[in-house]
Structure formats: C-alpha cells, structure tokens
Amino acid sequence: MLILHCPYCGVMAEETELHAGGEAHLKRFGPGSSDEEFEGYLFHRENPKGVHFERWRHVNGCGKWFHAARCTNTLEVFGTYSAQVTAPPQEIQDKISAKRPGWTWGTWGDDPKGRDQ
Ligand SMILES: [Zn+2]
C-alpha cells in the first residue's frame, strides 16, 4: 500500500485516506492560448515508468492538496511537498538524482518536467 507523508498536518497517510489528483506541475493554458497549448493542458499527461510527480489530496485528514515525488515502477516515495510551488524542492531533486543517476529536472520546450535519461 502506498503511504505518503502529508506535509501540512504531518500524518503518514495510507492511500485510502488520500485522493489522487493526477500529474503535478502542469503549465496551465486558458483563453488566448493556441489550440495546441489548450489541448495539451487538457488532455496530454505523462505516464512514465519511473520518476513521476503527482498531486494528492489528504481527503480524510486535513483536506489539503500536496505534491508527491515517487517512482511508478517501484512505488518508492522520494518525498512530498507543498502544492504551492512550480518545481520540486532541491532536496527532493537531489534525493532522486542520487538514487536514479542521470535523472534531471529541467525544461523541455515550455513544459518543465523531471525526466529519466
Ligand atoms: Zn494532511
């Protein structure tokens, strides 16, 4: 079972206490954007076998949204952090890089993401 630390209330919450909210760090596009940008924002999501950044809500706890960095292959959790940031904290990026040599957080086009190399 997936267990995540809620960065707001400090609880180690089991998956059943949480609600998944999809991919984290999406760049939002709205009125005035191109059709391709809006389509990408609405429909295109990463589905990696490896490092992934996700939104979670502590629905049966404090009710707040947070982000989690984890490996979809091994279910290893690298850390959780506030949903009010545009990139993972440096300490979490360093932890992932130490465990997944070659992994980097960067910008690919207009889409900032972490990638396995
Ligand atoms: Zn909480």
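Everything discussed here concerns the structure shown above.
Residues numbered from 1 in each chain as written. Predicted model: local features only at pLDDT ≥ 70, side-chain atom pairs only at ≥ 80, totals over all residues. Heavy atoms only, no water.

Undergrad: Hey, could you go over a negative patch on the surface for me, with residue numbers and the actual values?
TA: A surface patch of like charges, here negative, comprises D35, E36, E37 and E39. By secondary structure assignment, the location of E36 is in helix α1 (residues 35–43). By relative accessible area, which is 59% here, E36 ends up exposed. (Patch = residues over 30% accessible without salt bridge, like charges linked within 9 Å, V, L, I, M, F, W, Y side chains within 5 Å. Areas by Shrake-Rupley, 256 points an atom, 1.4 Å probe, with all protein chains shown as cover. Salt bridge = Lys/Arg side-chain N within 4 Å of Asp/Glu carboxyl O. Lys, Arg positive; Asp, Glu negative; His and termini not counted. Charge placed at Lys NZ, Arg CZ, Asp CG, Glu CD. Helix = DSSP H or I, 4+ residues; strand = E, 2+ residues; numbered from the N terminus. Buried < 20%, exposed > 50% of the residue type's maximum accessible area, 1.4 Å probe, protein only.)

Undergrad: Break down the nonpolar core for me, citing the residues and quoting the values.
TA: If you look at the biggest cluster of nonpolar residues, it comprises eleven residues: A24, V51, F53, A69, C71, F78, Y81, I92, I96, W103 and W105. At the level of secondary structure, the elements contributing two or more residues to this core comprise β4 (51–57), β5 (65–71), β6 (77–82) and α2 (90–99). L2, C6, L18 and W56 belong to the second largest nonpolar core, which has eight residues in total. (Core = buried A, V, L, I, M, F, W, Y, C linked by side-chain atoms within 4.5 Å.)

Undergrad: Tell me about the coordination of the zinc ion, and name the residues and values.
TA: Summarising the metal site, the zinc ion is bound by the protein donors C6 (SG), C9 (SG), H58 (ND1) and C62 (SG), whose distances to it range over 2.1 to 2.4 Å. In this structure, the zinc ion is coordinated by four donor atoms arranged in tetrahedral fashion, with angles at the metal of 97 to 120 degrees. Counting along the primary sequence, the residues that act as donors to the zinc ion give the motif C-x2-C-x48-H-x3-C. Of the two residues, C6 is situated in the loop between β1 (3–5) and β2 (12–14) and H58 in the loop between β4 and β5; the sequence distance between them amounts to 52 residues. The same class applies to C6 and to H58, which are both buried. (Donors = N, O, S within 2.8 Å, 3.2 Å for Na, K, Ca; no water. Tetrahedral: all angles 85-135°; square planar, octahedral: opposite > 155°, others 65-115°.)

Undergrad: Residue-level account of the sheet that holds β6, with values.
TA: Sheets are built from strands paired through backbone hydrogen bonds, the pairs being either parallel or antiparallel. The sheet built from four strands is open, its strands ordered β3-β4-β5-β6 with antiparallel pairing. Here the strands that pair on one side only, and so sit at the sheet edges, are β3 (19–23) and β6. Strand-to-strand twist in this sheet, taken as the mean axis angle between neighbours without regard to direction, amounts to 30 degrees. Bridging between β4 and β5 involves seven bridges; their strand directions are antiparallel. Following the sheet pairing, H52 is matched in β5 by R70. Of the strands in this sheet, β4, β5 and β6 are in contact with α2, which crosses β6 at around 165 degrees. (Pairing = 2+ DSSP bridges. Axes fitted to C-alpha atoms, helices over the stretch in contact; angles between N-to-C directions. Contact = heavy atoms within 4.5 Å.)

Undergrad: Give a detailed account of the pairing of β6, specifying residues and quantitative values.
TA: Inspection of the sheet shows β5 paired to β6 by five bridges, in the antiparallel sense. For F66, the partnering residue across the bridge sits in β6 and is S82. Hairpin geometry of β5 and β6 is characterised by an intervening segment of five residues between the two adjacent antiparallel strands and by a positive phi of about 70 degrees at L75.

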